[in-house]
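# Structure assessment
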Amino acid sequence: MKRARARVAAWLAWRWSGPLLTALVFVGGLVWRWLYLFRDHKPTDFVYFDMGMYVGLAKRFSKEGYALTVYDVMHPPGLSELIAYFYRSDPSLAGLVQLQFVVTALVPLAVGALGWLAFDRASGLWGVAISSLYFPFIDYGGYFLAEIYITLTATVALACYFGAVKLWPERRRPSRWALALAVAAVGGFVFSLSLLMKMVAAPALLCFFGVHVVLTKASKWRVKALVVATMLAAAMPLSVWQADRCTRANEGKFCPGSNKAAADFLMGHIGRVQSVSWGKIDRRGKYRVHSNFGSPAAYQHGYTKKVELPFLITDTEKNKQEAWRFINDNPGQAVVLSFEHVWDSFGGSLPWPTVATRHWAVSQAFHYLFLVFLLFPSMMLLVDVARQRGLVALLRSTELAIFSPILGVIISVMIATGEARYRIPWDMCFILLAVEFYRRLGRAPAPPPAALSPAPEPQKNPPAEAAAP
């Protein structure tokens, strides 16, 4: 009896040691977030450049009866509308800072849920622990930027997809069908929230849907296709509103959420420039700048060239024409620039804006930790899957599906510009893949299937059969 009790106690201690340690790490991460956002790095102390632009838009949106202009839809409306909502009742934005603390606190739980649903319980616990102490997921809560919001919404959307697929019953059970479709609908709504924050969510999540439905051998493709269809249907109302809002403000010219895509395409393919200015020549013949943008990665590279363009940033056709003119004249440079944007997003640039603040050392240190302990192991995991199971198995694996949003990010930055800030919301993919890599280090690889032995050759002089009695 004593042995049985000791075994039960040992089993319970083993079973609950992981969750308890994870909970302690999560609480430590909450304390770090609280101190960072409310004492060391208040978002209200960093309202300049992009943050100032979002807050400036919010102040205009908060005015009753304000009519949108073509310059108000250069970015998706999610963050500015959210800031405007809080600004109307409290110009100090103290409530918004509290919300951002809650968002940063929920990110580790969302990463853990995704890891649990995509892989298993242990991956989920490790995902919570690492995300709780991952500085970029804390740091971007200290700015009025869209990155921390899309980190949460994109992760929740992916978790809802896996949850809906796993909930789908193999037999006729209407209650389980309804629950699975409800989870998918929630995921679709959250997906539309991601689009309200950053349009890069569209290629990233659509790439994931395509890979998992077409390639991943996890469940029936009809089930996966139905879940994706439900999610896209649930995302339609907000997406249609966003497109209608943008199109009306853009003088009737269609735009899905912002009208700056062509300008970003031009900025990323007009040479090694520090910044680009858009403007017009006034009646006195003097050039007047209307808009100016530059990539932090280009500044970090030491590029000094500044380009002035004689048309407005909202002129989609002229931006496209100028970009294609450079590409046609310099095709080799254009290709190299596209790959430079990918390099800048993963290792070639440091996360802005923290790199230019007194917290630069912590941010830079975690950037190096990302390269060594997250990016490299994630790539090695995919290589190991291909080496041990074969290329077809890699294409059908959950590991590749978790990596697939990164492919969408790569496509986006190749078309436009790149910097580490665009990648960081998707670091949950690298965290979960790296966790799987480390967990499998101590496991023996699965033995290859035994080869079929050739059939024995018939004997030249078979023995005579015994006569029947």
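It should be noted that the structure appears before, not after, this text.
Report follows, based on the coordinates. For every chain, the first residue of the written sequence is number 1, and numbering continues from 1 along that sequence. Given that the model is predicted, a residue must reach a pLDDT of at least 70 before its local features are reported, and side-chain atom pairs must reach 80 or more before they are shown or counted; all residues, however, enter totals for whole chains, interfaces and linings. The side-chain values count all of the structure's non-hydrogen atoms but skip hydrogen atoms and water molecules.

### Observations regarding the overall build of the chain
Looking only at helices and strands, one finds 19 helices and 3 strands in the chain. Projected onto its principal axes, the C-alpha positions of the chain cover 125 × 65 × 50 Å. Only protein chains enter the area calculation, which uses a 1.4 Å probe; residues under 20% of their type maximum are buried, those over 50% are exposed, and those in between are partly exposed. Burial statistics for the chain: of 469 residues in total, 50% are counted as buried. Residue contacts follow a heavy-atom distance rule, with two residues in contact if any of their heavy atoms lie within 4.5 Å. For the chain, contacts bridging at least 24 residues in sequence account for 75% of all contacts bridging at least 6. Residue burial considers only the protein chains on display, and all accessible areas are found by Shrake-Rupley using a 1.4 Å probe. Carbon and sulfur atoms form 65% of the exposed surface of the chain, whose accessible area is close to 24200 Å². In summary, the charge assignment counts Lys and Arg as positive and Asp and Glu as negative, without counting His or the chain termini. All charge positions are set by atom: Lys at NZ, Arg at CZ, Asp at CG, Glu at CD. Charged side chains in the chain number 48 positive and 29 negative. The centres of these two groups are separated by 8 Å. Secondary structure elements follow DSSP: runs of H or I no shorter than four residues count as helices, runs of E no shorter than two count as strands, and numbering proceeds from the N terminus.

### Concerning the sheet that holds strand S3 (residues 305-309)
Strand pairing in a sheet relies on backbone hydrogen bonds. The paired strands run either parallel or antiparallel. Across the sheet, 3 strands lie side by side as S2-S1-S3; this open sheet has mixed pairing. Each edge of the sheet is formed by a strand with only one pairing partner; in this case those strands are strand S2 (287-293) and S3. If you compare each strand with its neighbour and ignore which way they point, the axes differ by 30° on average. In short, DSSP must find at least two bridges between two strands for them to pair. For strand S1 (residues 273-281) and S2, the ladder comprises 6 bridges, and the chain directions are antiparallel. Every angle, taken between N-to-C directions, lies between 0 and 180 degrees, and every axis is a line fitted to C-alpha atoms, over only the stretch in contact when it is a helix.

### Notes on the packing of helix H5 (residues 121-132) against helix H19 (residues 427-441)
Here H5 crosses H19 at 120°, and the two axes come no closer than 9 Å. Considered as vectors, H5 and H19 are oriented oblique to each other. By crossing handedness, the relation of H5 to H19 is classed as right-handed. In this structure, H5 contributes Ala 122, Ser 123, Trp 126, Gly 127, Ile 130 and Ser 131 to the contact, and H19 contributes Ile 431, Leu 432, Val 435, Glu 436 and Arg 439. For the contact of H5 with H19, the class distribution of residues is 6 nonpolar, 3 polar and 2 charged. Any angle between 65 and 115 degrees counts as roughly perpendicular, while under 35 counts as roughly parallel, over 145 as roughly antiparallel, and the rest as oblique. Crossings are classed by handedness, with left-handed meaning an anticlockwise turn of the near helix from the far one by less than a right angle and right-handed meaning a clockwise turn. When residue character is reported, Ala, Val, Leu, Ile, Met, Phe, Trp, Tyr, Cys and Pro are called nonpolar, Asp, Glu, Lys and Arg charged, and the others, Gly included, polar.

### Some points on helix H17 (residues 398-415)
The end-to-end C-alpha distance of H17, which contains 18 residues, comes to 27 Å, matching closely the 26 Å that a straight helix rising 1.5 Å per residue would cover. Note on bend: at a given residue it equals the angle between the axes fitted to the 7 residues ending there and to the 7 starting there. At Ser 404, H17 shows its largest bend, some 30°, and a proline, Pro 405, comes one to four positions later. Of all the 18 residues making up H17, 13 are buried; the element is thus mostly covered by neighbouring parts of the structure. Expected helix span is taken as 1.5 Å per residue step, with the number of steps being one fewer than the number of residues.

### Details of the state of the cysteines
Disulfides are covalent bonds that link the sulfur atoms of two cysteine residues. Sulfur atoms of two cysteines make up a disulfide when they are within 2.5 Å. Per the counting criterion, the structure on display carries 1 disulfide. Free of any disulfide, Cys 207 has its nearest cysteine sulfur in Cys 429, 10 Å distant.

### Let's talk about helix H9 (residues 201-214)
Its 14 residues give H9 an end-to-end C-alpha distance of 20 Å, which sits within 8% of 20 Å, the value for a rise of 1.5 Å per residue. Taken across its 14 residues, H9 has 10 buried, putting it largely inside the fold. Of the residues making up H9, those classed as buried are Ala 201, Ala 202, Ala 204, Leu 205, Cys 207, Phe 208, Phe 209, Val 211, His 212 and Val 213. Buried residues along H9 sit against helix H7 (147-167), helix H8 (174-197), helix H10 (221-249) and H17.

### Comments concerning a nonpolar patch on the surface
Taken together, the side chains of Leu 369, Val 372, Phe 373, Tyr 438 and Leu 441 make up a nonpolar region of the molecular surface, amounting to roughly 480 Å² of accessible area. Every element with two or more residues in the nonpolar patch is listed here: helix H15 (360-389) and H19. Residue contributions to the nonpolar patch peak at 3 residues, all from H15. In this structure, Leu 441 sits in helix H19. Only residues whose relative accessible area exceeds 30% and that take part in no salt bridge are eligible for patches, with like-charged residues grouped when within 9 Å of each other and nonpolar side chains (Val, Leu, Ile, Met, Phe, Trp, Tyr) grouped when within 5 Å. Any Lys or Arg side-chain nitrogen located within 4 Å of an Asp or Glu carboxyl oxygen qualifies as a salt bridge.

### Observations regarding the environment of Phe 209
Turning to its location among the elements, Phe 209 is positioned in helix H9. Judged by its relative accessible area of 4%, Phe 209 falls in the buried class. Distance from Phe 209 to Pro 405, taken between C-alpha atoms, is 8.9 Å for residues 196 residues apart in sequence. Look past the residues within four positions of Phe 209 in its chain and what remains in contact with it is Tyr 161, Phe 191, Val 228 and Met 231.

### Some thoughts on the side chain of Asp 427
Structurally, Asp 427 is set in helix H19. Residue class for Asp 427 comes out buried when judged on its relative accessible area of 0%. For Asp 427, the side chain forms a polar contact with the side chain of Tyr 134, separated by 2.6 Å. Excluding anything up to four places from it in sequence, Asp 427 contacts Tyr 134, Phe 137 and Phe 370. In the analysis that follows, any N or O atom pair within 3.5 Å is treated as a polar contact, provided that within protein one partner can donate a hydrogen and the other can accept it, and provided that, for residues neighboring in sequence, both atoms belong to side chains.

### Points about unusual backbone geometry
Only a minority of non-glycine residues have a phi that is not negative, and only a minority of peptide bonds are not trans. Along the chain, Trp 352 connects to Pro 353 via a cis peptide bond; the corresponding omega equals 10°. Within the element layout of this structure, Pro 353 appears in the loop between helix H14 (331-348) and H15. Of note in this structure, Leu 93 is not a glycine but carries a positive phi near 60°. What makes Leu 93 buried here is its relative accessible area of 4%. The backbone of Glu 251 sits at a positive phi, close to 60°, despite the residue not being glycine. Within the element layout of this structure, Glu 251 appears in the loop between H10 and helix H11 (261-267). We classify Glu 251 as exposed; its relative accessible area is 61%.

### Here we look at the side chain of His 41
Residue placement: His 41 occurs in the loop between helix H1 (2-40) and helix H2 (49-61). His 41 gets classed as buried once you look at its relative accessible area, which sits at 0%. Engagement of the side chain of His 41 in a polar contact is seen with the backbone oxygen of Gly 142, the distance being 3.1 Å.

### Comments concerning the environment of Phe 86
Following the sequence through the fold, Phe 86 ends up in helix H3 (residues 78-89). Residue classification places Phe 86 among the buried residues on the basis of a relative accessible area of 18%. It is 9.3 Å that separates the C-alpha atoms of Phe 86 and Ala 58, two residues lying 28 residues apart in sequence. Excluding residues that lie within four positions of it along the chain, Phe 86 makes contacts with Leu 93, Gly 95, Leu 96 and Leu 99.

### Digging into the nonpolar core
Working definition of a nonpolar core: buried Ala, Val, Leu, Ile, Met, Phe, Trp, Tyr and Cys residues. They are joined through side-chain atoms within 4.5 Å. One finds Ile 83, Tyr 161 and Trp 426 to be the most contacted residues of the largest nonpolar core, which totals 91 residues. A per-element tally of this core places H7 first, with 12 residues. Excluding anything up to four places from it in sequence, Ile 83 contacts Tyr 54, Val 55, Ala 58, Leu 93, Leu 96 and Phe 144. Formed by 17 residues, the second largest nonpolar core is a distinct cluster that contains Met 267, Val 276, Phe 311 and Ile 327.

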